[in-house]
Amino acid sequence: MSDDAIFEKLSQCAVDVLQVPPDKVVKEARFSDDLDADSLDLVELVMALEEAFGISVDESELDGIETVGEAYDLVKSKL
Amino acid sequence: MHLGITESGPVKGRRVAITGLGVVSCCGIGAGAFWEGLLGDQQQGERLVRDFNPLDWLGPKEARRLDKFAHYAIAASQMAFDDAASSSGSLDVAPEKAGVVISTGFGGLETFLEQVRIFNEKGAKRVSPFMIPMLMANAATASVSMRLGWTGPSENVVTACAAGTHGIAAAARMVASGRLDVAIGGGSEASIAPLTVAAFGNMTALSDDGMSRPFDKRRSGFVLGEGAGALVLEDLDHAHSRGAHVYAEITGAASTADAYHVTQPAPDARGAISCMELAIADAGLTASDIGQINAHGTSTPLNDLAESLAIHQVFGSPGPPVTSTKGITGHALGAAGAIEAVAIVLSIEKSLIPPTAGYEIEDSGIALDVVYGTARPWNPGHAISNSFGFGGHNGCLVISATS
């Protein structure tokens with residue numbers, strides 16, 4: 001899967017779960033400040049990413065993930 | 001409404017004005033459409049709310065994080081709020097003096113069923129972290145208080161099909177006592193699903209042919225309905241001081257239990273009788289003052305018979321005109337009493353009692369003056385609304401034209 005395709009898929013998950021406009025989902029966007037996501041939103045987003053990419057993400061791996069770009073790097077590392 | 005009884009008699013509370021109406025029902029969304037629907041033709045089958053778009057009332061994320069029963073509650077509450085605020089632009093109330101009691105029978109059943117499916121198909125790790133806050137029965141009342149920023153009590157009363165009536169009564173009592181200056185009282189329900197149809201059907205509670213025929217000789221059971229009703233209730237002086245339109249007043253309410261059987265009404269209708277008598281006394285009235293009864297009138301053989309005996313006992317024969325709006329709305333369970341309270345308020349506004357749709361053939365065992373065919377003019381005065389729930393819960397409200 002190309003980098004663009006990975007990002008596209010991740011972005012779609014964020015749009016669906018967080019109900020934000022697609023143009024707000026950029027790598028620099030912070031989940032809490034820019035995308036208005038609380039901790040339960042992120043739990044649901046991780047579920048959606050696991051489902052979409054067929055990966056498994058441990059709770060401990062989410063420490064320090066604050067931006068869309070960091071989530072992208074995490075997903076990419078598991079493919 | 002009374003706040004208590006001392007040695008010197010009942011302690012009267014503040015007068016409780018109804019200043020805003022909101023309704024989501026199968027026969028119309030909003031008070032105007034709902035009233036037209038009550039005077040219109042009956043549908044057959046389950047009475048689903050049509051043409052409701054949650055995004056007309058909620059943001060996209062808010063809609064995704066709430067079950068349908070909360071969508072209905074928010075829509076009805078926002079309508080009622082906007083209606084009450086329309087004359088002066090705001091309700092002019094401190095957040096801590098405003099509260100919400102939106103009841104329900106089930107809660108977020110649709111969410112629950114969906115998450116059970118996900119659990120079974122995909123496993124525990126895919127169950128939504130939002131399942132609990134979406135399905136809990138208090139989710140609707142919580143969502144309304146959060147939306148309005150009201151920090152007074154936000155509660156619900158879960159008494160099955162009496163819940164909407166009990167919700168309005170509880171909210172009204174808090175206004176009468178002075179705890180709140182403004183409250184929203186109501187009920188919401190969205191629990192029509194193949195599973196509930198099967199369960200109510202196996203109880204033999206449902207109509208054989210999808211027709212709701214309250215008090216009619218051919219009645220065979222109720223038809224499921226859904227929706228929400230909400231009233232803005234306000235200290236009458238507060239309402240007057242901000243120039244609000246006062247539709248009517250909540251003048252009395254009561255709650256009793258049959259303590260007899262979980263689904264069948266007591267054959268002597270004792271709980272229903274005492275509930276009506278207490279509500280009328282709470283309003284400082286006598287039975288002869290009541291000019292309209294909006295019956296529970298579900299269209300089940302047992303309910304309608306027991307309720308008619310209770311009405312006969314309290315009011316004599318033939319008693320005041322009786323209508324059951326469930327001929328049109330079906331039985332919206334925990335929302336029913338709230339939707340019917342809106343119907344009474346509109347009946348006061350329009351000086352018309354809506355007919356009991358589906359009623360054509362008299363049952364010789366039921367000696368009531370049933371309003372049917374077309375709406376009947378009345379001189380708006382005092383009306384009583386009955387609601388009776390599985391568990392033997394009885395709730396009555398007295399709603400009066402304001403004087």
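Rules used in this analysis
- Residues numbered from 1 in each chain as written.
- Chains lettered and ligands numbered in written order.
- Predicted model: local features only at pLDDT ≥ 70, side-chain atom pairs only at ≥ 80, totals over all residues.
- Heavy atoms only, no water.
- Helix = DSSP H or I, 4+ residues; strand = E, 2+ residues; numbered from the N terminus.
- Expected span 1.5 Å × (residues − 1).
- Buried < 20%, exposed > 50% of the residue type's maximum accessible area, 1.4 Å probe, protein only.
- Contact = heavy atoms within 4.5 Å.
- Polar contact = N/O pair within 3.5 Å; in protein donor to acceptor, adjacent residues only side chain to side chain.
- Buried area = accessible area lost by both parts, 1.4 Å probe.
- Salt bridge = Lys/Arg side-chain N within 4 Å of Asp/Glu carboxyl O.
- 1 Å grid on protein atoms, 1.4 Å probe; cavity = no way out; pocket = protein on both sides within 12 Å on 5 of 7 lines; lining within 4 Å.
- Points joined across faces, edges and corners; volume = space filled by probe spheres on them.
- Nonpolar A, V, L, I, M, F, W, Y, C, P; charged D, E, K, R; others polar.
- pLDDT = per-residue confidence, 0-100.
- Core = buried A, V, L, I, M, F, W, Y, C linked by side-chain atoms within 4.5 Å.
- Pairing = 2+ DSSP bridges.
- Phe/Tyr/Trp six-rings, centres within 6.5 Å; stacked < 30°, edge-to-face > 60°.

Draft legend 1. Geometry of helix H3 (residues 39–53) of chain A. If you check H3(A), its first and last C-alpha atoms are 21 Å apart, about what 15 residues at 1.5 Å a residue would give, namely 21 Å. Within H3(A) the residues assigned to the buried category are A:Asp41, A:Glu44, A:Leu45, A:Val46, A:Met47, A:Leu49, A:Glu50 and A:Phe53. Elements in contact with the buried residues of H3(A): helix H1 (3–18), helix H2 (31–34) and helix H4 (68–77) of chain A together with helix H2 (60–64) of chain B. N-capping of H3(A) is provided by A:Asp38, with a side-chain oxygen placed 3.1 Å from the backbone N of A:Leu40. One or two steps after H3(A), the chain reaches A:Gly54, where phi turns positive at roughly 65 degrees.

Draft legend 2. Structural detail: the interface of chain B and chain A. Listed by partner, the interface residues are 11 residues for chain B and 15 residues for chain A. Across the interface of chain B and chain A, roughly 1,200 Å² is buried in total on both sides, 44% from carbon and sulfur atoms. Looking only at chain B, the three residues that lose the most surface to chain A are B:Lys61, B:Arg64 and B:Arg126, adding up to 46% of its buried area. Where chain B packs against chain A, one counts 8 salt bridges.

Draft legend 3. Layout of the environment of B:Cys275. Residue and element names in this part refer to chain B. Note on placement: Cys275 falls in helix H10 (residues 270–282). Linking Cys275 and Pro301, residues 26 residues apart in sequence, is a C-alpha distance of 21 Å. Those residues in contact with Cys275, other than ones at most four positions away along the chain, are Ala254, Ser255, Thr256, Asn394, Gly395 and Cys396.

Draft legend 4. Quick look at the layout of surface pockets. Here the largest pocket is characterised by a volume of approximately 560 Å³. As for the largest pocket, its lining consists of 25 residues, of which A:Glu44, B:Glu114, B:Gln115, B:Ile118 and B:Ser128 are closest to the centre. At the level of secondary structure, the elements contributing two or more residues to the lining of the largest pocket comprise H3 of chain A together with H2, helix H3 (68–85) and helix H4 (109–122) of chain B. When residues in the lining of the largest pocket are grouped by element, the largest group, 7 residues, is from H4(B). Counted by class, the lining of the largest pocket contains 10 nonpolar, 4 polar and 11 charged residues. In this model, the second largest pocket occupies a volume close to 480 Å³. Looking at the second largest pocket, it is lined by 29 residues, and the ones nearest its centre are B:Thr263, B:Gln264, B:Pro265, B:Thr300 and B:Phe390. Listing elements by their share of the lining of the second largest pocket, those giving two or more residues are helix H11 (301–315), strand S14 (382–389) and strand S15 (393–400) of chain B.

Draft legend 5. Just the confidence of the model for chain A, in detail. Looking at chain A as a whole, its pLDDT mean stands at 95, while 100% of the residues score no less than 70. Put simply, H3(A) is where chain A has its lowest mean pLDDT, 95, and H1(A) is where it has its highest, 97.

Draft legend 6. Layout of the pattern of salt bridges. Residue and element names in this part refer to chain B. Counted under the stated rule, the structure contains 29 salt bridges over all chains. Here Arg14 and Asp235 are joined by a salt bridge, their closest N and O atoms 3.5 Å apart. Here Arg14 is found in the loop between strand S2 (9–12) and strand S3 (16–25), whereas its partner Asp235 is found in strand S8 (residues 227–235), with 221 residues between them in sequence. Owing to a relative accessible area of 28%, Arg14 belongs among the partly exposed residues under this scheme. Residue class for Asp235 comes out buried when judged on its relative accessible area of 9%. Close ionic contact of Arg218 with Glu360 constitutes a salt bridge, the shortest N to O distance being 2.9 Å. Of this pair, Arg218 sits in the loop between helix H8 (194–202) and S8 while Glu360 sits in the loop between strand S12 (352–353) and strand S13 (376–377), and the two are 142 residues apart along the sequence.

Draft legend 7. A look at the nonpolar core. Residue and element names in this part refer to chain B. In this structure, Ile18, Phe34, Leu231, Leu233, Ile250 and Ile399 are the most contacted members of the largest nonpolar core, which totals 45 residues. At the level of elements, S3, helix H1 (31–38), helix H7 (163–177), S8, strand S9 (248–257), helix H13 (336–350) and S15 are the ones that each hand at least two residues to this core. With sequence-adjacent residues up to four places away left out, Leu233 is seen in contact with Val16, Ala17, Ile18, Ile168, Ala171, Ala172, Val175, Asp181, Val182, Ala183, Gly185 and Ile250. If you look at the next biggest cluster of nonpolar residues, it comprises 33 residues, including Ala63, Ala73, Ala76 and Ala230.

Draft legend 8. A look at the pairing of S3(B). Residues and elements named next belong to chain B. Counting buried positions along S3 gives 10 out of 10 residues, so the element sits mostly inside the fold. Relative to S8, S3 is paired through 8 bridges, and the arrangement is antiparallel. From the neighbouring strand, Ile18 faces S8, where its bridge partner is Leu233. With 3 bridges joining them, S3 and S9 adopt antiparallel strand pairing. When the bridges of S9 are listed, Ile18 appears paired with Ala248. In sequence, S3 turns back onto strand S4 (residues 28–29) through a hairpin of 2 residues.

Draft legend 9. Spatial organisation of the packing of aromatic side chains. Residues and elements named next belong to chain B. Scanning the model with the defined rule gives 7 aromatic pairs over all chains in all. Aromatic pair Phe200 and Phe222: ring centres 5.4 Å apart, planes at 70 degrees, arrangement edge-to-face. Taken together, the positions of Phe200 in helix H8 and Phe222 in the loop between H8 and S8 put the pair 22 residues apart, joining distant regions of the chain. Judged by its relative accessible area of 7%, Phe200 falls in the buried class. Measuring from centroid to centroid gives 6.4 Å for Phe200 and Phe390, while their planes differ by 40 degrees, and the two rings are tilted.

Draft legend 10. Representation of the environment of A:Val15 in the model. One can find A:Val15 in helix H1. Put simply, A:Val15 and A:Leu35 are 20 residues apart on the chain and 9.6 Å apart in space, counted from C-alpha to C-alpha.

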